[in-house]
Amino acid sequence: MEANATIQALVRLIDDPDELVYQQVRDELLKFGSEVLPVLEQSWEQDYYGLLFQDRIENLIHDIQFESVKAQLKTWLQAPDKDLLSGAIIIAKYQYPGLDAALLHERIQAIRRDIWLELNDHQTAFEQVKIFNRIFFGMHRFRGESQNYHTPANSYINTVLESRKGNPLSLCLIYSVIAQSLDLPIYGVNLPNHFVLAYMDSKHSAFGLKKEDDDYGVLFYINAFSKGSIFDAAEIKAFIQGIHLQQDRSFFEPCSNSAILKRMLANLIHAFQQVGSAQKVAELQELSNMIP
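Rules and cut-offs
Residues numbered from 1 in each chain as written. Predicted model: local features only at pLDDT ≥ 70, side-chain atom pairs only at ≥ 80, totals over all residues. Heavy atoms only, no water. Pairing = 2+ DSSP bridges. Helix = DSSP H or I, 4+ residues; strand = E, 2+ residues; numbered from the N terminus. pLDDT = per-residue confidence, 0-100. Contact = heavy atoms within 4.5 Å. Core = buried A, V, L, I, M, F, W, Y, C linked by side-chain atoms within 4.5 Å. Buried < 20%, exposed > 50% of the residue type's maximum accessible area, 1.4 Å probe, protein only.

1. Thoughts on the pairing of strand 3 (residues 186–189)
In step 1: Sheet topology note: the strand 3/strand 4 (residues 196–200) ladder contains 4 bridges and is antiparallel. Looking at strand 4, one finds that glycine 188 is bridged to leucine 197.
In step 2: Hairpin connection from strand 3 to strand 4: 6 residues lie between these consecutive antiparallel strands, with asparagine 193 at a positive phi of about 65 degrees.

Here you go:
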């Protein structure tokens, strides 16, 4: 109760015309963290002390929410498993702080359930992916968004799950999260200017076949942006050659979940640079800098 009374008293000082006084009030409120948000939101809705008051409250709410995202990302980076879905949700909370994570998990589970019902242990990797694609791209209508390719909405997991449209990375992320939950060894590959998936040869079924791809432990690759089309390492080599880059093992092998989040942030930074949103670019860059 004492803390709440202090917060209330500080909120009443937000519209102080003295900038130094306001900065002190702001610093004190920031120390309370998310505890302050309900009071600030209520005051923004019910009290009207002028445009300066409202502007300062809006900025304070944003600053507190941004600090919360940074704290969550720091915790995620320190975790041994670095769960990919949890990481994607943290990034989405930057733009959608009120995001319902439980609802996202439910949507993922609904897609997973539809795929799980049709999978069995006797199917080959190709058959499993064919079934996965039919349900993911057919029944659930996921597709690559090519018309507004650089829009930020293509990078946030909640908007992609809602619209069923995304960029290569966001579609691959959702695809691989569901696949891994079904024990399918499908992981993201961080290609320059693109993002694809690798179905790993976890059972060593390609051993002794002298396949080129087997150098990387990959059975085949999947392009989620192109409705799950399957291809091999030769296509990656041709792609790399076409954009005049030297080949690197990282173009053929799965990347870390940290690398996926960093790439997601790079996509968002580019998207907001396109629309000239300097503050969002700076904040997203701050989040990206947290990831080694």
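Let us keep going from here.
2. Some details on the confidence of the model for the chain
In step 1: The predicted model of the chain averages 92 in pLDDT, with 94% of residues at 70 or higher.
In step 2: Segment residues 207–213 is flagged for pLDDT under 50; beyond a separation of four residues in sequence, or across chains, it makes 12 contacts in the model.

3. Describing the nonpolar core
In step 1: Phe132, Phe136, Ile157, Ile174, Tyr175, Ile178 and Ile186 are the most contacted members of the largest nonpolar core, which totals 61 residues.
In step 2: For this core, the leading source of residues is helix 9 (residues 168–181), giving 9 residues.
In step 3: Isoleucine 174 has contacts with Ile108, Phe136, Phe142, Ile157, Val160 and Leu161, leaving out every residue within four places of it along the chain.
In step 4: If you look at the next biggest cluster of nonpolar residues, it comprises 16 residues, including Ile7, Val11, Ile14 and Ile61.

4. Concerning the environment of isoleucine 269
In step 1: Relative to the helices and strands, isoleucine 269 is located in helix 11 (residues 257–274).
In step 2: Once the C-alpha coordinates of isoleucine 269 and glutamine 78 are considered, the two residues, 191 residues apart in sequence, prove to be 24 Å apart.
In step 3: Setting aside chain neighbours within four positions, we find isoleucine 269 in contact with Val281, Leu284, Gln285 and Ser288.

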